[in-house]
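Each chain, written out:
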Amino acid sequence: MEKRVIVIPAYNEERTIAEAVRGALQVADLVLVVDDGSSDRTSEIAASSGAVVARHAVNRGLGGALGTGLAGALRLGADLIATMDADGQHRPEDAKRALDRLSAGDADFVIGSRMLERKGNMPVRRRLAQLLGNALTFLLFRRWVSDSQSGLRAMTRAAAERIEIRSSRMEVSSEFVKEVVDKRLRLAEVPIEAVYTAYSLSKGQSFLVGLQTAFKLVLHKLLD
Amino acid sequence: MNAIQLVLVVFSCFGFGAAVARFRRGRLSRAQLLIWSLLWAGIVAVVLRPETASFLARRLGVGRGADVVVYLAVAALFYLQFRLFSRLEDHERQITALTRELALKDIKEPPHGR
């Protein structure tokens, strides 16, 4: 059977990382936590929970951590790679569903969408921000996805080898869509349920960060 | 010479001096030194004899000499801003690449498997 690796980027997530790692280990052969220069005990806790840990010496942002995660997963011999958030908002069974979708063989890249089945308790402001993200992603990269900002995604080894992540921060989610379009990868979406807690809400993109993300996306589009 | 002229000329001399110093340390090429020298010389010329700018303005079809100076300055600032931004992005990417290599240098699968 294929080797499945789940990548979890984490920045100061000592409160939730152990549970995230243990959950991910139920549905993957290996869990790679990329500690993005945390100042807390994220690395130690992730390692003692059973994850392989790659530690950034300095904080590089979500995009930087995901890029490291993909490169690391490839080095660890992954056949299928999924990414999940460290804050507990993604359920392991949803990661499994995304990976299974790849095993079916008709997709190279899978996005776990919070919108296909409107379950879970996504707050209105999140929903609005997500719609804006989707619209901007569509305008820039000509591909409509129902949840362009989702942190749960999965890809085959061949896809991960071709995808080049250049953005450092939150704009990485849309950059994945861009890469899927540019590299002509087959995209599929699977429904997932996001679990919003006060903790995970405090960790996501604020309105201001969202604006910065949008600005960066436009800038990169113009310059690259 | 009035006060503003004096201030600007002194400032330009400092700018020229800094360019020469960088050239001596091998940080500027001969061509770059020439460009900076021309720039500072041009500024001094316009400061001491504002009618030079008026002449340029008429040639370029802009009303006043002072306007030409402002337009050119804004264009130059935009250009420098753009270069600075590109440089910064390059550096960001290089730091990320470096951080990545260090982080992945000795990751390996735990011997006990899952």
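Keep in mind it's a predicted model, so treat the numbers as computed, not measured.

J.: Explain the packing of aromatic side chains to me, please; I cannot follow it from the model alone.
T.: Where two aromatic rings form a pair, the distance of their centres and the angle of their planes describe that pair. According to the stated counting rule, one finds four aromatic pairs over all chains in the structure shown. Both rings, one in F11(B) and one in W40(B), keep their centres 6.1 Å apart while their planes meet at 75°; by these two values the pair is edge-to-face. In this pair, F11(B) is assigned in helix 1 (residues 3-24) and W40(B) in helix 2 (residues 30-48), connecting sequence segments 29 residues apart. Residue class for F11(B) comes out exposed when judged on its relative accessible area of 53%. Relative accessible area serves as the criterion here: at 13%, W40(B) is assigned to the buried category. Looking at R142(A), its charged tip hangs above the ring of F138(A), at a distance of 5.8 Å from the centre.

J.: Got a minute to help me understand the interface of chain A and chain B in this structure?
T.: One frequently used descriptor of interface size is the decrease in accessible area upon assembly of the parts. Each partner contributes residues to the interface: chain A has 29 residues there, and chain B has 17 residues. Counting the surface lost from both chain A and chain B, the interface buries some 2000 Å², and carbon and sulfur atoms represent 56% of this. Our count for the chain A to chain B interface comes out at six residue pairs in polar contact (both at pLDDT 80 or more). Of all elements in the fold, only strand 3 (52-55), helix 3 (62-75) and helix 9 (207-223) of chain A reach the threshold of two or more residues within the side of chain A that touches chain B. Residue composition of the side of chain A that touches chain B, by class: twelve nonpolar, eight polar and nine charged.

J.: Could you clarify how one ought to interpret the nonpolar core in this entry?
T.: Buried together is how nonpolar side chains tend to be arranged in soluble globular proteins. Counting 32 residues, the largest nonpolar core has L32(A), I81(A), F109(A), M155(A), I163(A) and F176(A) as the members making the most contacts within it. Those elements giving two or more residues to this core turn out to be strand 1 (4-10), strand 2 (30-35), strand 3, helix 3, strand 5 (109-113), helix 6 (157-162) and helix 7 (172-182) of chain A together with helix 4 (65-104) of chain B. Looking at which element gives the most residues to this core, the answer is helix 3 of chain A, with five residues. Those residues within four positions of F176(A) in sequence are excluded, and the remaining contacts are L66(A), L70(A), F109(A), R153(A), M155(A), I163(A) and I165(A).

J.: How should the sheet that holds strand 2 of chain A be read in this particular structure?
T.: Where strands meet in a sheet, backbone hydrogen bonds hold them as pairs that are either parallel or antiparallel. Residues and elements named next belong to chain A. Strand order in the open sheet formed by seven strands is 3-2-1-4-6-5-7, and the pairing between neighbours is mixed. Bordering the open sheet on either side are strand 3 and strand 7 (187-191), each of which pairs with just one other strand. The sheet shows a mean angle of 20° between the axes of neighbouring strands, direction not considered. Relative to strand 6 (residues 153-156), strand 5 runs antiparallel, the two sharing three bridges.

Criteria and thresholds
- Residues numbered from 1 in each chain as written.
- Chains lettered and ligands numbered in written order.
- Predicted model: local features only at pLDDT ≥ 70, side-chain atom pairs only at ≥ 80, totals over all residues.
- Heavy atoms only, no water.
- Phe/Tyr/Trp six-rings, centres within 6.5 Å; stacked < 30°, edge-to-face > 60°.
- Helix = DSSP H or I, 4+ residues; strand = E, 2+ residues; numbered from the N terminus.
- Buried < 20%, exposed > 50% of the residue type's maximum accessible area, 1.4 Å probe, protein only.
- Lys NZ or Arg CZ within 6 Å of the ring centre and 35° of its normal.
- Contact = heavy atoms within 4.5 Å.
- Buried area = accessible area lost by both parts, 1.4 Å probe.
- Polar contact = N/O pair within 3.5 Å; in protein donor to acceptor, adjacent residues only side chain to side chain.
- Nonpolar A, V, L, I, M, F, W, Y, C, P; charged D, E, K, R; others polar.
- Core = buried A, V, L, I, M, F, W, Y, C linked by side-chain atoms within 4.5 Å.
- Pairing = 2+ DSSP bridges.
- Axes fitted to C-alpha atoms, helices over the stretch in contact; angles between N-to-C directions.

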